Amino acid sequence: MDYTILKLSIEERIGIITISRPQALNALNSTFFHEMDSLLDEVESNKDIDVVIITGEGKAFAAGADIAEMCDMKQQEGSEFSHLGQAVFAKIENISKPVIAAVNGFALGGGCELAMSCDFRIASSKAKFGQPEVNLGLIPGYAGTQRLSRLIGLADALYLLFTADIIDANEALRLKLVQKIVEPEELLPETLALAKKIASKGPDAVKLIKKVTREGLLKSFAEGCELESEKFGSLFEKQGAEGMKAFLEKRKPVW
Ligand code: CO8
């Protein structure tokens with residue numbers, strides 16, 4: 001596929017996806033969703049990529065769904081556009097490799113929903129977050145009503161959704177919407193260092209941590225524990241055997 005909005009670069013086994021439509025503050029249009037859908041298949045199957053970073057070019061991570069594209073939509077098209085975005089963001093959540101959002105600027109509406117579909121978020125001190133859909137007479141449509149409350153709790157989620165308040169990185173950290181704040185020039189270097197740290201761990205274990213932790217949230221506690229035991233066992237005689245042997249032999253594991 002030819003990509004017009006997304007760029008992929010690979011640096012030391014880390015895939016960096018950059019949203020590059022800065023003239024529209026990286027507003028998310030249908031082209032973005034089709035490109036992201038295809039690019040996620042590519043990064044999933046690319047054996048040179050262990051961890052993925054998503055970031056934006058310019059002063060926005062993404063300033064929301066593309067209001068110009070949505071403006072003339074009718075009910076059916078609106079629902080379809082919502083389903084398209086939900087499916088692509090679910091794919092980010094479900095690919096086997098960890099995905100980190102490096103939030104460089106505005107992450108509003110669909111942009112905040114995109115960041116929330118990543119496994120965790122590192123924010124530039126200049127980043128701004130919010131779900132301002134209600135200002136447009138809309139509600140989030142890319143699972144923001146569902147993910148925000150699960151990430152930060154019901155009352156804080158409803159506060160942000162009702163008020164459309166735009167919050168800075170410090171407030172996002174306080175709410176645990178982001179996991180770390182760094183200076184703007186350190187955003188990519190620090191996120192890359194973090195991604196490389198994760199990539200140095202047992203690769204199968206990293207993938208299973210994502211799978212078991214995420215799938216466990218959709219199950220009962222007992223079912224989640226059962227899944228954990230099954231996948232825990234699956235690592236024996238494989239990378240787990242090498243990791244434990246390396247520890248006892250006081251050497252670095254060879255995955
Ligand atoms: N969609 C389309 N274009 C946008 C968007 C957007 N979300 N955001 C910014 N742009 C465009 C502007 O129109 C402007 O274009 P132009 O230069 O041609 O006039 C350009 O980007 C630069 O923007 P500004 O001049 O406004 O830049 P400022 O620095 O003055 O302001 C803001 C930055 C505060 C981020 C401002 O642009 C803004 O408020 N943007 C809209 C934020 C917003 O409301 N986002 C939520 C959108 S709705 C949504 O995301 C719903 C998701 C679920 C959809 C479900 C499917 C149906």
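Residues numbered from 1 in each chain as written. Predicted model: local features only at pLDDT ≥ 70, side-chain atom pairs only at ≥ 80, totals over all residues. Heavy atoms only, no water.

Draft legend 1. Helix α11 (residues 239–248), seen in detail. Among all positions of α11, only Gln239, Glu242 and Ala246 are buried. Viewed end-on, α11 has its buried residues packed into an arc of 60°, placing them on one side of the element. Away from the buried face of α11 by more than 90 degrees, exposed residues Phe247 and Leu248 are located. Buried positions along α11 lie against α9 (203–217). Two residues or fewer after α11 comes lysine 250, characterised by a positive phi angle close to 55°. (Buried < 20%, exposed > 50% of the residue type's maximum accessible area, 1.4 Å probe, protein only. Helix = DSSP H or I, 4+ residues; strand = E, 2+ residues; numbered from the N terminus. Arc of directions from axis to C-beta. Contact = heavy atoms within 4.5 Å.)

Draft legend 2. Up close: the domain arrangement of the protein. Once the domains are mapped, the protein shows domain 1 (6–199) and domain 2 (203–248). Domain 1 puts eleven residues into the contact, and the matching count from domain 2 is four residues. Between domain 1 and domain 2 lies a buried interface of about 600 Å² when both sides are counted; carbon and sulfur atoms form 50% of it. For domain 1, the biggest contributors to the area lost against domain 2 are Glu93, Ser96 and Asp119; these three give 55% of the whole. Residue aspartate 119 pairs with arginine 214 through a salt bridge whose shortest N-O separation is 2.9 Å. Where domain 1 meets domain 2, there are eight residue pairs in polar contact (both at pLDDT 80 or more). (Domains from an automatic or database assignment. Buried area = accessible area lost by both parts, 1.4 Å probe. Salt bridge = Lys/Arg side-chain N within 4 Å of Asp/Glu carboxyl O. Polar contact = N/O pair within 3.5 Å; in protein donor to acceptor, adjacent residues only side chain to side chain.)

Draft legend 3. Here's a closer look at the sheet that holds strand β7 (residues 120–124). Spatial strand order, β1-β2-β3-β5-β7-β10: six strands in an open sheet with mixed pairing. At either end of the open sheet lies a strand with only one pairing partner, and these are β1 (6–11) and β10 (180–182). Neighbour to neighbour, the strand axes of the sheet diverge by 25° on average, direction disregarded. When β7 meets β10, the two strands line up parallel, connected through three bridges. (Pairing = 2+ DSSP bridges. Axes fitted to C-alpha atoms, helices over the stretch in contact; angles between N-to-C directions.)

Draft legend 4. Region of the structure containing the pattern of salt bridges. Here the structure, examined in full by the defined rule, presents 16 salt bridges. We note a salt bridge from lysine 7 to glutamate 57, for which the minimum N-O separation is 3.2 Å. Of the two residues, lysine 7 sits in strand β1 while glutamate 57 sits in the loop between β3 (51–56) and β4 (60–62), which places them 50 residues apart along the sequence. Looking at lysine 7, the relative accessible area reads 45%, which means it is partly exposed. For aspartate 41, the salt bridge identified is with lysine 91, shortest N-O distance 2.9 Å. With a gap of 50 residues between them, aspartate 41 in helix α1 (residues 30–45) and lysine 91 in helix α3 (residues 75–94) connect regions that are remote in the sequence.

Draft legend 5. Region of the structure containing the side chain of glutamate 93. Along the polypeptide, glutamate 93 turns up in helix α3. Assessed through its relative accessible area of 18%, glutamate 93 is described here as buried. Beyond its immediate stretch of four places on either side in the chain, glutamate 93 contacts Ser117, Arg147, Lys210 and Arg214.

Draft legend 6. Fine view of the packing of helix α4 (residues 110–117) against helix α5 (residues 144–152). Taken N-terminus to C-terminus, the directions of α4 and α5 make an angle of 55°; their axes are 10 Å apart at the nearest point. In terms of their interaxial angle, α4 and α5 are classed as oblique. The interaxial crossing formed by α4 with α5 has left-handed handedness. Residues Glu113, Met116 and Ser117 of α4 pack against Gly144, Arg147, Leu148 and Leu151 of α5. For the contact of α4 with α5, the per-class residue count stands at three nonpolar, two polar and two charged. (Parallel < 35°, antiparallel > 145°, perpendicular 65-115°, else oblique. Left-handed = near helix turned anticlockwise from the far one by under 90°. Nonpolar A, V, L, I, M, F, W, Y, C, P; charged D, E, K, R; others polar.)

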